[in-house]
Amino acid sequence: MSGPASGRLTCVPWRALEAEVPAWDHLARVASEPNPFFESWYLLPSLRHLAQTDAVRILRFERNGVLTGLLPIVRAGRYYRWPVPHLSSWLHANCFCGVPLVATGAETAFWHAVLRWADNEPGAALFMHLRGIVLGGPLHAALEAVAASDGRKMEVVHTEARAMLASDLPPEAYLEASLSGKKRKELRRQANRLADEGAVAFEHRTDAEDIAPWCENFLALERAGWKGEAGSALGCDEGTARLFCESLSGAATRGRLERLTLTLDGRPLAMLVTFLTAPGAYSYKTAFDEDFARFSPGVLLQRENLAILDRQDIAWSDSCASADHPMIDHLWRERRAIGRLSIAIGGTLRRSAFRHFVRAETARRPAGQPPREP
């Protein structure tokens, strides 16, 4: 689909991409917007180890024989609590960005090809739904322009403000601007009290050595806390545990991983995983020992993590946290707008039906409130 000048888009089974990892990795390095969750080392383990992925397909875009764009999609029979068939980008509970990987300069051609494909092969789908889109970013801007040029209705049906770190300030100055003097004094007191318990150390690592035992320590630490009790820790499910270990190994071998650990006498008290996707970074997962909660080890680790502000290759960090997170929102002062978009596809009748549907959807709830899950 599409001509040689604009590119060619195909919809392929996700396993077809297993043979294109080098080209996929190159695409990630030249992408208009970084998204580690759609890179080969994260998306493939997700599809291999999580449940119900057989239906996932990949919209694969190429120009002059070079892989230039990629988006995982599914045909869904329900739209949250409503029985409305649609095309949807594929995300899972541990996938915190849904921006497609598209080479810089190919954004407009990519969206033209995707929407033409959706028009021609909609099946029973009423519309296309994209989740986890960075609002105001290059891919969102290009999609807005393409939709406008096609006369397509496109609606942002949900937005949230996610904490991010983006500043020219050095770490200490940023901490001073973020927290009151009283809170900074309390953190110093907690750090001193923790040091009374034994030898305290912070370790930053970007290599792949000892990655397996580090992952096991993280999974055990997370599972020992409230997430383990709730059954939501990564280690509570074999699939998510394997995804975690394989993705961290893949990221580390590509120089895309930073591991930060706070230890007491060599014992991990708090751990943080960050995916390095210059010019940005994604603060993927963190865990801390709840038996030491009185010392705020997670906050002490985040204070140490402000060192990422000194990296010349990283301009911003996405917290991957839910909106209004009780800890990180107080420390990281910048915000990133993340949205869910619905877009008209097909012919006149389908687009007219979509216009009525999205109008009814947005009228049912206050602005910004998400659709309810089934």
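See the structure shown above.
Being a predicted model, the structure only gives us computed values, none of them experimental. (Residues numbered from 1 in each chain as written. Predicted model: local features only at pLDDT ≥ 70, side-chain atom pairs only at ≥ 80, totals over all residues. Heavy atoms only, no water.)

Draft legend 1. Looking closely at the overall build of the chain. In terms of helices and strands, the chain carries 12 helices and 13 strands. The C-alpha atoms of the chain give 22 Å as radius of gyration, which agrees with the globular expectation for 374 residues (21 Å, within 12%). C-alpha atoms of the chain, sized along the principal axes, occupy 70 × 45 × 40 Å. Within the span of the chain, comprising 374 residues, buried residues form 55% of the whole. For the chain, restricting intrachain contacts to residue pairs at least 6 apart in sequence, the fraction spanning at least 24 positions comes to 76%. (Helix = DSSP H or I, 4+ residues; strand = E, 2+ residues; numbered from the N terminus. Rg over C-alpha atoms; globule rule 2.2 N^0.38 Å. Buried < 20%, exposed > 50% of the residue type's maximum accessible area, 1.4 Å probe, protein only. Contact = heavy atoms within 4.5 Å.)

Draft legend 2. View of the side chain of Gln302. Tracing the sequence through the fold places Gln302 in helix 10 (residues 297-305). Overall, Gln302 belongs to the buried group, its relative accessible area being 4%. With residues near it in sequence (within four places) discarded, Gln302 still touches Leu272, Ser283, Met327, Ile328, Leu331 and Trp332.

Draft legend 3. Summary view of the packing of helix 1 (residues 21-29) against helix 2 (residues 40-49). Where helix 1 contacts helix 2, the two axes come as close as 10 Å, and the packing angle between them is 125 degrees. As judged from the angle between their axes, helix 1 and helix 2 are oblique. Residue-level contacts link Val21, Trp24 and Asp25 of helix 1 to Ser40, Leu43 and Leu44 of helix 2. Class assignment for the residues of the contact of helix 1 with helix 2 results in four nonpolar, one polar and one charged. (Axes fitted to C-alpha atoms, helices over the stretch in contact; angles between N-to-C directions. Parallel < 35°, antiparallel > 145°, perpendicular 65-115°, else oblique. Nonpolar A, V, L, I, M, F, W, Y, C, P; charged D, E, K, R; others polar.)

Draft legend 4. Geometry of the pattern of salt bridges. Under the criterion given, the structure shown has 21 salt bridges. For Asp25, the salt bridge goes to Arg254, with nearest N and O atoms at 3.0 Å. Of this pair, Asp25 sits in helix 1 while Arg254 sits in the loop between helix 9 (238-253) and strand 9 (257-264); the two residues are 229 residues apart in sequence, bridging distant segments of the chain. A salt bridge links Asp318 to Arg162; the shortest N-O distance between them is 3.1 Å. (Salt bridge = Lys/Arg side-chain N within 4 Å of Asp/Glu carboxyl O.)

Draft legend 5. Here's a closer look at the packing of helix 7 (residues 211-223) against helix 9. Viewed as axis vectors pointing N to C, helix 7 and helix 9 meet at an angle of 140 degrees, and their least axial separation amounts to 10 Å. As the angle between them shows, helix 7 and helix 9 are arranged oblique. In the crossing of helix 7 with helix 9, the sense of the turn from one axis to the other is right-handed. Mapping the contact onto sequence places Ile211, Trp214, Cys215, Glu216, Phe218 and Leu219 in helix 7 and Ala241, Phe244, Cys245, Leu248 and Ser249 in helix 9. Residue composition of the contact of helix 7 with helix 9, by class: nine nonpolar, one polar and one charged. (Left-handed = near helix turned anticlockwise from the far one by under 90°.)

Draft legend 6. Representation of the packing of aromatic side chains in the model. Scanning the entire structure with this criterion turns up 25 aromatic pairs. Pairing Tyr79 with Trp82 gives two aromatic rings, centres 5.9 Å apart and planes at 15 degrees, and the pair type is stacked. By the burial criterion, Tyr79 is buried, and Trp82 matches it. Where Tyr282 meets Trp316, the ring centres are 5.7 Å apart and the plane angle is 80 degrees; that geometry is what we call edge-to-face. (Phe/Tyr/Trp six-rings, centres within 6.5 Å; stacked < 30°, edge-to-face > 60°.)

Draft legend 7. Up close: the pairing of strand 2 (residues 57-63). Summarising burial for strand 2: five of the seven residues are buried, a large majority. Bridge analysis of strand 1 (residues 8-13) against strand 2 gives six bridges, and the strand direction is antiparallel. From the neighbouring strand, Val12 faces strand 2, where its bridge partner is Ile58. Pairing between strand 2 and strand 3 (residues 66-76): seven bridges, direction antiparallel. Bridge pairing in strand 3 links Glu62 to Leu67. The turn linking strand 2 back onto strand 3 is made up of two residues, and Asn64 within it adopts a positive phi angle of 50 degrees. (Pairing = 2+ DSSP bridges.)

Draft legend 8. Structural context of the nonpolar core. Among the nonpolar cores identified, the biggest contains 83 residues, and Phe37, Leu248 and Phe275 are the most heavily contacted of them. Dropping the residues within four chain positions of it, Phe275 is found in contact with Pro36, Phe37, Trp41, Tyr42, Leu248, Ala251, Arg256, Leu257, Gly280, Ala281, Tyr282 and Tyr284. Listed in part, the 28 residues of the second largest apolar core include Leu165, Leu301, Ile314 and Ala321. (Core = buried A, V, L, I, M, F, W, Y, C linked by side-chain atoms within 4.5 Å.)

Draft legend 9. Quick peek at the environment of Ala287. Relative to the helices and strands, Ala287 resides in strand 11 (residues 280-288). When the C-alpha atoms of Ala287 and Lys182 are compared, they prove to be 25 Å apart, with 105 residues separating the residues in sequence. Other than its neighbours up to four places away in sequence, Ala287 contacts Phe218, Leu221, Glu222, Leu269, Ala270 and Met271.

Draft legend 10. Examining helix 6 (residues 181-195) more closely. With 15 residues, helix 6 extends 21 Å from end C-alpha to end C-alpha; this agrees with the ideal 21 Å at 1.5 Å per step. When we look at burial in helix 6, the residues that qualify are Leu187, Gln190 and Leu194. Down the axis of helix 6, the smallest arc covering the buried residues is 65 degrees, so these residues share one side. Away from its buried face by more than 90 degrees, helix 6 exposes Lys182, Lys185 and Asn192. (Expected span 1.5 Å × (residues − 1). Arc of directions from axis to C-beta.)

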